[in-house]
Amino acid sequence: MDETYDYIILGTGLKECLLSGLLSVDGKKVLHMDRNDYYGGESASLNLTQLYKQFKNGAEPPKELGRDRDYAVDLIPKFMMANGELTKILVHTDVTRYLEFKQIAGSYVYRDGRISKVPATEMEAVRSPLVGLFEKRRLKNFLTWVANYNPSNPATHQGINLDQTSMKEVYTKFGLELGTQDFVGHALALHQDDMYLNQPVRDTYERIILYTTSMARYGKSPYIYPLYGLGELPQGFARLSAIYGGTYMLDKKIDKIEYDDKGKFIGVTSEGETVKAAKLIADPTYFLPEPGAKEESKIFEEGKVVRAICILKHPIPSTDDSDSLQLIIPQKQVGRKNDIYITALSVVHSVCAKDIYIAMVSTIVETSTPERELEAGLKLLGPIYEKFVSIVPLYMPASSGNHDGVYISRSYDATSHFETVTDDVKNIYLRVTGNELTLKKRDNAEDDGIQGSA
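A quick note: this is a predicted structure, and the numbers were derived from the prediction, not measured.

A. The arrangement of the overall build of the protein chain in detail. Counting secondary structure elements, the protein chain contains 11 helices and 19 strands. Taking the principal axes of the C-alpha coordinates as reference, the protein chain spans close to 70 × 60 × 50 Å. Residue burial in the protein chain is summarised as follows: out of 454 residues, 54% are buried. Within the protein chain, contacts between residues at least 6 apart in sequence are counted, and of these 72% link residues at least 24 apart. Counting only carbon and sulfur atoms, one obtains 49% of the accessible surface of the protein chain, whose full area is about 20300 Å². Of the charged side chains in the protein chain, 53 are positive and 62 negative; the average position of the first set lies 3 Å away from that of the second.

B. Spotlight on helix 11 (residues 419-433). Between the first and last C-alpha of helix 11 there are 21 Å, a value that for 15 residues agrees with the 21 Å anticipated at 1.5 Å per step. Of the positions making up helix 11, those classed as buried are Glu419, Val421, Thr422, Asp424, Val425, Ile428, Tyr429, Arg431 and Val432. Positive phi shows up at Gly434, right after helix 11, with a value of about 80°.

C. Examining the confidence of the model for the protein chain more closely. Considering every residue of the protein chain, the mean pLDDT works out to 90; 94% of them sit at 70 or more. With pLDDT under 50 throughout, residues 442-447 is counted as low confidence; its partners more than four residues away or in other chains account for five contacts.

D. Structural context of a nonpolar patch on the surface. A surface patch of nonpolar side chains, about 280 Å² in accessible area, is lined by Val25, Ile243 and Tyr244. A relative accessible area of 44% places Tyr244 in the partly exposed class.

E. Representation of the pairing of strand 2 (residues 30-33) in the model. Burial along strand 2 is two-sided: the face carrying Val30 and His32 and the face carrying Leu31 and Met33 are both buried. Both strand 1 (residues 4-10) and strand 2 contribute to a ladder of four bridges, which runs parallel. Bridge pairing links Leu10 to Met33 in strand 2. One crossover worth recording links strand 1 to the parallel strand 2 by way of helix 1 (residues 14-25), and it is right-handed. When strand 2 meets strand 10 (residues 247-249), the two strands line up parallel, connected through three bridges. Paired with Leu31 across the strands is Thr247, a residue of strand 10.

F. Focus on the packing of helix 1 against helix 9 (residues 232-243). Following both chains from N to C, one finds helix 1 and helix 9 inclined at 20°, their axes separated by 8 Å at the closest point. Between helix 1 and helix 9, the angle falls in the class roughly parallel. Judged by the sense of rotation from one axis to the other, the crossing of helix 1 with helix 9 is left-handed. Between helix 1 and helix 9, the contacting residues are Leu14, Cys17, Leu18, Ser20, Gly21, Ser24 and Val25 on the first element and Leu233, Pro234, Phe237, Ala238, Leu240 and Ser241 on the second.

G. Up close: the pattern of salt bridges. The full count for this structure, using the stated rule, is 24 salt bridges. With its nearest N and O atoms 2.5 Å apart, the salt bridge here joins Lys298 to Asp404. Taken together, the residues span a long stretch of sequence, with Lys298 in the loop between strand 13 (273-282) and strand 14 (299-312) and Asp404 in the loop between strand 18 (386-397) and strand 19 (406-408) at a distance of 106 residues. Classification of Lys298 as partly exposed rests on a relative accessible area of 24%. Connected via shared salt-bridge partners are Glu85, Lys88 and Lys426.

H. The arrangement of the pairing of strand 15 (residues 325-329) in detail. Burial analysis of strand 15 places five of its five residues in the buried class, which makes it a mostly covered element. Alternating residues of strand 15 divide into Leu325, Leu327 and Ile329 and Gln326 and Ile328, and every residue in both groups is buried. By the bridge criterion, four bridges tie strand 7 (residues 106-111) to strand 15 in an arrangement that is parallel. Within strand 15, the position partnered with Ser107 by the bridge is Gln326. Pairing between strand 15 and strand 16 (residues 340-346): five bridges, direction antiparallel.

I. A look at the sheet that holds strand 5 (residues 80-81). Judged by pairing direction, the sheet is antiparallel, and its three strands sit side by side in the order 5-9-6 without closing on themselves. The outermost strands of the open sheet, each flanked by one partner alone, are strand 5 and strand 6 (101-103). Sheet analysis places strand 6 next to strand 9 (residues 223-226), joined by three bridges and oriented antiparallel. Note that in strand 9 the partner of Lys102 across the bridge is Tyr225.

J. Structural detail: the nonpolar core. Core analysis: the biggest nonpolar cluster contains 90 residues, and Phe142, Trp145 and Phe237 have the highest contact counts within it. The greatest single-element share of this core, amounting to six residues, is contributed by helix 1. With 23 residues, the next largest nonpolar core counts Tyr108, Ala308, Cys310 and Leu374 among its residues.

About the criteria used
Residues numbered from 1 in each chain as written. Predicted model: local features only at pLDDT ≥ 70, side-chain atom pairs only at ≥ 80, totals over all residues. Heavy atoms only, no water. Helix = DSSP H or I, 4+ residues; strand = E, 2+ residues; numbered from the N terminus. Buried < 20%, exposed > 50% of the residue type's maximum accessible area, 1.4 Å probe, protein only. Contact = heavy atoms within 4.5 Å. Areas by Shrake-Rupley, 256 points an atom, 1.4 Å probe, with all protein chains shown as cover. Lys, Arg positive; Asp, Glu negative; His and termini not counted. Charge placed at Lys NZ, Arg CZ, Asp CG, Glu CD. Expected span 1.5 Å × (residues − 1). pLDDT = per-residue confidence, 0-100. Patch = residues over 30% accessible without salt bridge, like charges linked within 9 Å, V, L, I, M, F, W, Y side chains within 5 Å. Salt bridge = Lys/Arg side-chain N within 4 Å of Asp/Glu carboxyl O. Pairing = 2+ DSSP bridges. Right-handed = clockwise from strand over helix to strand, strands pointing away. Axes fitted to C-alpha atoms, helices over the stretch in contact; angles between N-to-C directions. Parallel < 35°, antiparallel > 145°, perpendicular 65-115°, else oblique. Left-handed = near helix turned anticlockwise from the far one by under 90°. Core = buried A, V, L, I, M, F, W, Y, C linked by side-chain atoms within 4.5 Å.

Shown next as structure tokens:
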């Protein structure tokens with residue numbers, strides 16, 4: 001290979017394919033390589049045979065579960081916010097033309113020993129058991145402040161400075177009870193833990209705005225999901241990259257990453273051939289430290305996430321027989337430091353056979369018995385037909401990559417939405433290009449190609 005590229009990208013996870021598409025649209029020359037023979041990497045969607053091969057030592061899936069082609073089971077469960085950054089990127093790049101979306105039927109939260117729906121309408125809010133009668137008025141006052149806040153009109157601020165006032169102080173100002181704080185911080189703002197309480201309110205304010213505007217877009221829930229699984233997303237961005245001249249090579253063994261005598265990246269050797277490029281973008285699994293390696297590692301392990309993919313033959317109990325949902329168990333409700341996330345999908349989203357439901361439970365590992373940490377979530381599912389458990393390290397890049405031209409993405413966390421994924425993509429884009437990722441509105445912005453049909 002005599003060609004020289006602007007970027008070589010290793011791995012076909014969503015982040016890498018998304019960056020490949022964005023950089024190709026920018027006119028950059030991109031070569032994308034993956035050691036796997038399929039798209040998606042960690043964020044792939046598997047059929048039934050692949051699922052049993054990966055988790056059950058190649059056992060044959062039971063015939064009663066139906067056909068292989070009926071299944072597209074995500075290894076990493078996540079939903080898209082209807083007004084979230086990933087949705088905006090899909091619209092900006094026109095990747096929506098390759099995908100079809102369905103709405104997620106409901107958003108739920110676990111509180112005081114029971115599952116409750118996160119209110120989607122004013123009527124649901126009035127009837128909701130999540131907050132008492134007087135607390136409803138206080139919560140309404142808080143949400144009204146959020147909705148009416150105008151940076152240029154101090155009269156709407158109520159003495160709150162988004163960059164100086166802590167979230168704890170805001171809760172105190174509005175007199176919200178601890179249970180309501182839990183609901184707002186974890187079910188609406190989608191924080192993973194309680195560290196946000198002592199931080200300035202701006203981040204939480206923006207998260208609540210994102211949730212409420214996403215909810216308002218289609219009603220019922222703020223989430224949408226692509227038919228046939230999340231594996232469709234990286235493939236959509238791979239097509240985009242190819243249209244703009246990007247080159248893809250699957251099933252390519254990566255022999256060596258090459259550096260010059262100053263430690264700067266210069267190329268990748270695969271099957272005896274070296275291809276050169278100015279910069280490298282890669283998922284962290286391409287930099288797992290070799291046993292006994294002396295050189296400094298380019299990644300470090302921040303923690304672990306435990307996930308259970310569960311096959312059910314019924315909807316999750318106490319969720320109005322929802323065909324799909326997100327359910328959050330705030331950490332305080334079960335004596336943890338991190339939330340437990342549950343997602344559920346069905347044949348409506350073309351990810352499994354009729355009368356089958358795919359539920360996924362995930363959280364950050366806190367103890368030496370990770371699977372037991374999922375019990376609070378698993379017991380809410382009812383009888384489980386089959387369960388596939390994975391415990392995966394959460395890798396972080398050890399540096400920005402600017403000194404050696406190697407830019408590494410973060411592992412996918414336990415959250416059940418894509419906002420942390422797009423944060424990482426935007427961060428890498430800034431580091432490799434020196435420019436913020438700006439999403440221009442298309443001329444026909446009203447028809448954005450996202451049909452969040454029920």
